Amino acid sequence: MDEKLIELLLGGVGETFYMVIVSTLSAYILGIPLGVLVYVTGEGGIRQNRPVNVILSLIINIVRSVPFLILLVAILPFTRFVVGTTIGSTASIVPLVVAAAPFVARMVESSLKEVDLGVIEAAKAMGSTDWQIISKVLLPEAGPSLLLGMTIAFATILGYSAMAGFVGGGGLGAIAVNYGYYRYQTKVMMITVALLVIIVQIFQEGGIKLVNRIDRRMKN
Amino acid sequence: MIKLVNVTKIFDTKEGSVTAADHVNLEIKDGEIFGIIGFSGAGKSTLVRCLNLLEKPSEGEVWFDDLNLTKASDKELREARRSIGMIFQQFNLLSQRNVIDNICYPLEIAGVDKKTAKEKARKLLEIVELSDRERAYPAQLSGGQKQRVAIARSLATDPKVLLCDEATSALDPLTTRNILALLKEINEKLGVTIVVITHEMRVVEQICDRVAVMSDGVVKECGTVSEIFQNPRSETARKLVLPERGDSVRTPTRDFIRIVFDGQSSYEPVLAQLILHTGLELNILGAGTEDIGGAAYGQLLIGKPDDEAQVEQIRSFLESKGVSAEVVSVSEGGSNG
């Protein structure tokens, strides 16, 4: 393997990390409030509100139903508006966040649903405001589950980022497409795929280990 | 202290509406331990949740001192809730916080600074005798310890009232007794009014001053524990007081005398004295008594002699000992079992 290829791949790994990490964090910045909102307005929630809940749910479902490649192309004008270009890693972040945020919102919602309703009731009985229940009870109690969800979101966004390579995105996906697919360099293709597998593996396993460390529900 | 006026709670379900509380009127006095007893589904948990408005009554008023909680603003209600502690059957501790941080939670949300909160929490840990488990997480504690932490947490904001929703139902008998003793101590030493929801008569016997018997959302009767225990008027109260089939004490199939121990000294051999004094051959049909701190609680069922004079003899002897007794004829009291 020549130095050029190694350099190319290292650059790809760096770009992939950049895209996926920034996208995951941004998706959570949008997804956590959205997920909390869906949860608290849901049936039996602390701020039950059917119209808001139905509308949010509908938006989430619609965005989640659109295949990522279609979404990617469909929002190109929006992408250009936000970052000024439609090619490269930074441009990929926009569709990645748009696609991942509703998915993250659902993950957050399902993590919050795991929180014992009795604990919420106790918090209410102690005179907590709704905001205190969300910030001091719901989110911390769901913490380990949220973190586990984040590792899943990370792997999903990594997969999406590789797809973005097809339409001018950066990172390992772009390398796999440009060298492996268009130029028939099977070796490059294999290596990029292997690298993607390794990255997912590291984050998934690392995430699970971290969750086990911070989760106080287990006896240790 | 707490007054319920015509409190009604109706739940709308898919199968129609369910009345969990039906025009309940109750007054809980300052400093007492008040029990609400009933079988499951009687509406007691709903009723206790109406006391701090976790459930909003469909009708009626809830008064906490001079504040009408049913009309209070959100802010007033939150402040009132700081004066109304609550503990639960499932403890409901924050699983991701350790013991001391759990106790600090109510102080934290009330805006008390960290240092003061910790000091207060440590004092409370001493009261519930868990000072050595300060850094433990709920998952590392036994049920009894969790309930102690929950009690400490509920006391953090110096409440006037403590609501206990089946607080001992998930605990074994010995732990139950210890937790009840702790509640009694809190009532006596800190002057906290306590409301106890339970389905177990022995919980009421051990700590309550007065009790309300509930069934189908209705308070069937209300009075001092000894009144209800010795002379249950409603069918529900009779069922709760009289042993049921399948219990350690079965309701006999023939007429019997029910002797009720209500805190008399357990060191005095009342039954042996009764036999020696009357010279009668008495037949024990069933018994369920407990020795709680040197006082006897529970009941003893003995066969009723056919001779009325002998019944009278038994009755007058027991009366002289301060033990109450009633004759139960099976044909009329047949509702039990």
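All values derive from a computational prediction rather than experimental measurement.

Asker: Would you take a moment to explain the overall build of chain A for this structure?
Answerer: When its secondary structure is counted, chain A shows 9 helices and 0 strands. The principal-axis extent of the C-alpha atoms belonging to chain A is close to 65 × 45 × 25 Å. Looking at chain A residue by residue over its 220 residues, the buried ones come to 44%. Of the accessible surface of chain A, which amounts to about 11300 Å², a share of 67% is contributed by carbon and sulfur atoms. Here chain A holds 16 positive side-chain charges and 13 negative ones, and the gap between their average locations is 2 Å.

Asker: Whenever I open this one, unusual backbone geometry confuses me. Can you help?
Answerer: Generally, phi is negative for residues other than glycine and the peptide bonds are trans, each holding for most cases. All names here are of chain B. Phi angles above zero are rare outside glycine, and His 23 is one such case at about 45 degrees. Structurally, the position occupied by His 23 is in strand β2 (residues 16–28). Despite not being glycine, Asp 216 has its phi angle at roughly 50 degrees, a positive value. Structurally, Asp 216 can be placed in the loop between β9 (210–215) and β10 (218–224).

Asker: What exactly am I supposed to notice about the interface of chain B and chain A here?
Answerer: How large an interface is tends to be reported as the accessible area lost when its parts come together. Between chain B and chain A, the residue contacts involve 23 residues of the former and 24 residues of the latter. At the boundary of chain B with chain A, total buried surface from both sides reaches about 2200 Å², with 53% on carbon and sulfur atoms. Across the contact surface, chain B and chain A share 2 salt bridges. Ionic pairing is found between Glu 108 of chain B and Lys 136 of chain A, a salt bridge with its closest N-O pair at 2.7 Å. Counting across the interface, chain B meets chain A through 12 residue pairs in polar contact (both at pLDDT 80 or more). Those elements that place two or more of their residues in the side of chain B that touches chain A are α2 (74–82), β6 (84–88) and α3 (99–109) of chain B.

Asker: Which parts of the structure should I look at to understand the sheet that holds β2 of chain B?
Answerer: Two strands in a sheet stick together by hydrogen bonds in their backbones, pointing the same way (parallel) or opposite ways (antiparallel). All names here are of chain B. Strand order across the open sheet formed by 4 strands is β2-β1-β4-β5, with antiparallel pairing between neighbours. The two strands at the open ends of the sheet, each matched to only one other strand, are β2 and β5 (67–68). Pairing between strand β1 (residues 2–13) and strand β4 (residues 59–64): 5 bridges, direction antiparallel. Within β4, the residue paired with Ile 2 across the bridge is Phe 64. The sheet strands contacting helix α1 (residues 44–51) are β1, β2 and β4, and the helix crosses β1 at an angle near 120 degrees.

Asker: Looking at this structure, how should I read the sheet that holds strand β7 (residues 161–165) of chain B?
Answerer: Residue and element names in this part refer to chain B. In spatial order, the strands read β6-β7-β8-β3-β9-β10; together these 6 strands make up an open sheet with mixed pairing. The outermost strands of the open sheet, each flanked by one partner alone, are β6 and β10. Averaged over all pairs of adjacent strands, the angle between strand axes in this sheet comes to 15 degrees, irrespective of strand direction. One ladder, built from 6 bridges, connects β9 with β10; its direction is antiparallel. The residue bridging Val 211 from the neighbouring strand is Gly 223, located in β10. Contacts between helix α6 (residues 173–190) and the sheet are confined to β3 (33–37), β6, β7 and β8 (193–198), with β8 contributing the most and set at about 155 degrees to the helix.

Asker: Can you help me understand the packing of helix α5 (residues 89–113) of chain A against helix α7 (residues 130–164) of chain A in this one?
Answerer: Packed helices, taken two at a time, are described by their axes: the angle between them and the distance between them. Residues and elements named next belong to chain A. Closest axis-to-axis distance for the α5/α7 pair is 9 Å, and the angle between their directions is 150 degrees. Relative to α7, the element α5 is oriented roughly antiparallel. Here the hand of the crossing between α5 and α7 comes out right-handed. Of the residues that constitute the contact of α5 with α7, the class distribution is 17 nonpolar, 6 polar and no charged.

Asker: Quick question: what am I supposed to make of the pattern of salt bridges here?
Answerer: Should their charged atoms come close, side chains of opposite charge can pair. In total, this model carries 25 salt bridges over all chains according to the counting rule given. The closest approach of N and O atoms between Asp 65 of chain B and Lys 160 of chain B, which form a salt bridge, is 2.9 Å. One end of the pair, Asp 65 of chain B, is in the loop between β4 and β5; the other, Lys 160 of chain B, is in the loop between α5 (143–155) and β7, and 95 residues separate them in sequence. Judged by relative accessible area, Lys 160 of chain B falls into the partly exposed class, the value being 40%. Taking the shortest distance from any N to any O, the salt bridge between Asp 101 of chain B and Lys 118 of chain B comes out at 3.7 Å. One end of the pair, Asp 101 of chain B, is in helix α3; the other, Lys 118 of chain B, is in helix α4 (residues 114–127), with 17 residues separating them in the sequence. Take Asp 101 of chain B: its relative accessible area is 26%, and that puts it in the partly exposed class. One salt-bridge network, in which partners are shared between bridges, spans Arg 106, Glu 109 and Lys 113 of chain A.

Asker: Help me out: how do you make sense of the packing of aromatic side chains in this one?
Answerer: The description of an aromatic ring pair uses the distance of the two centres, along with the angle that the planes make with each other. All names here are of chain A. Tallied over the full model, the rule gives 5 aromatic pairs over all chains. Ring geometry for Phe 68 against Tyr 160: centres 4.5 Å apart, planes inclined by 5 degrees, an arrangement best described as stacked. Of the two residues, Phe 68 is situated in helix α3 (residues 68–74) and Tyr 160 in helix α7; the sequence distance between them amounts to 92 residues. Using a relative accessible area of 6% as the deciding quantity, one classes Phe 68 as buried. Grouping aromatic residues by their ring pairs yields a cluster made of Phe 17, Phe 154 and Phe 203. The side chain of Arg 183 reaches across the aromatic face of Tyr 179, ending 4.4 Å from its centre.

Asker: Help me understand the state of the cysteines, please; the structure alone is not making it clear to me.
Answerer: A covalent bond between the sulfur atoms of two cysteines is what we call a disulfide. Residue and element names in this part refer to chain B. The tally for this structure, following the rule as stated, stands at 0 disulfides over all chains. The thiol of Cys 50 is unpaired, and the distance to the nearest cysteine sulfur, on Cys 222, comes to 17 Å. Residue Cys 50 is classed as buried on the basis of its relative accessible area of 0%. With no disulfide of its own, Cys 222 lies closest to Cys 208 among cysteine sulfurs, the gap being 11 Å.

The rules behind the values
- Residue positions are given per chain, counting from 1 as you read along its sequence in written order.
- Naming scheme: in the order in which they are written, chains are lettered from A and ligands are numbered from 1.
- Given that the model is predicted, a residue must reach a pLDDT of at least 70 before its local features are reported, and side-chain atom pairs must reach 80 or more before they are shown or counted; all residues, however, enter totals for whole chains, interfaces and linings.
- Side-chain descriptors were evaluated using all non-hydrogen atoms of the structure, hydrogens and water having been removed beforehand.
- Segments assigned H or I by DSSP are reported as helices when at least four residues long, segments assigned E as strands when at least two residues long, and all are numbered from the N terminus.
- Classification of residues uses two cut-offs on accessible area relative to the type maximum, computed with a 1.4 Å probe and protein chains only: under 20% is buried, over 50% is exposed, and between them is partly exposed.
- Each accessible area is a Shrake-Rupley estimate made with a 1.4 Å probe; only the visible protein chains count as cover when residues are assessed.
- In this tally Asp and Glu are treated as negative and Lys and Arg as positive; neither His nor the chain ends contributes.
- In this description, the location of a charge corresponds to atom NZ of lysine, CZ of arginine, CG of aspartate or CD of glutamate.
- In this description, contact between two residues means that some pair of their heavy atoms is separated by no more than 4.5 Å.
- Buried area is calculated as the accessible area (1.4 Å probe) missing from two parts once they are joined, with the contributions of both summed.
- The working definition used for a salt bridge is a side-chain nitrogen of Lys or Arg within 4 Å of a carboxyl oxygen of Asp or Glu.
- Any pair of N or O atoms that falls within 3.5 Å is considered a polar contact. Within protein, one atom must be able to donate a hydrogen and the other to accept it, and sequence-neighbouring residues count only if both atoms are side-chain atoms.
- In short, DSSP must find at least two bridges between two strands for them to pair.
- Axis geometry follows a simple rule: fit a line to the C-alpha atoms, using only the stretch in contact for helices, then measure angles between N-to-C directions, giving values from 0 to 180 degrees.
- Oblique is the label for any angle not covered by the other classes, which are roughly parallel (under 35 degrees), roughly antiparallel (over 145) and roughly perpendicular (65 to 115).
- By definition, any crossing whose near helix is turned counterclockwise from its far helix by less than a right angle is left-handed, and any crossing with a clockwise turn is right-handed.
- Note that Gly is not counted as nonpolar here; it falls among the polar residues with everything else outside the nonpolar set of Ala, Val, Leu, Ile, Met, Phe, Trp, Tyr, Cys and Pro and the charged set of Asp, Glu, Lys and Arg.
- Any Phe, Tyr or Trp ring, taking Trp's six-membered ring, that has another such ring centre within 6.5 Å forms a pair; planes under 30 degrees apart are called stacked, those over 60 apart edge-to-face, and the others tilted.
- When the NZ atom of lysine or the CZ atom of arginine is within 6 Å of a ring's centre and also within 35 degrees of its normal, the charge is said to sit over that ring.
- In plain terms, two cysteine sulfur atoms within 2.5 Å form what is called a disulfide here.

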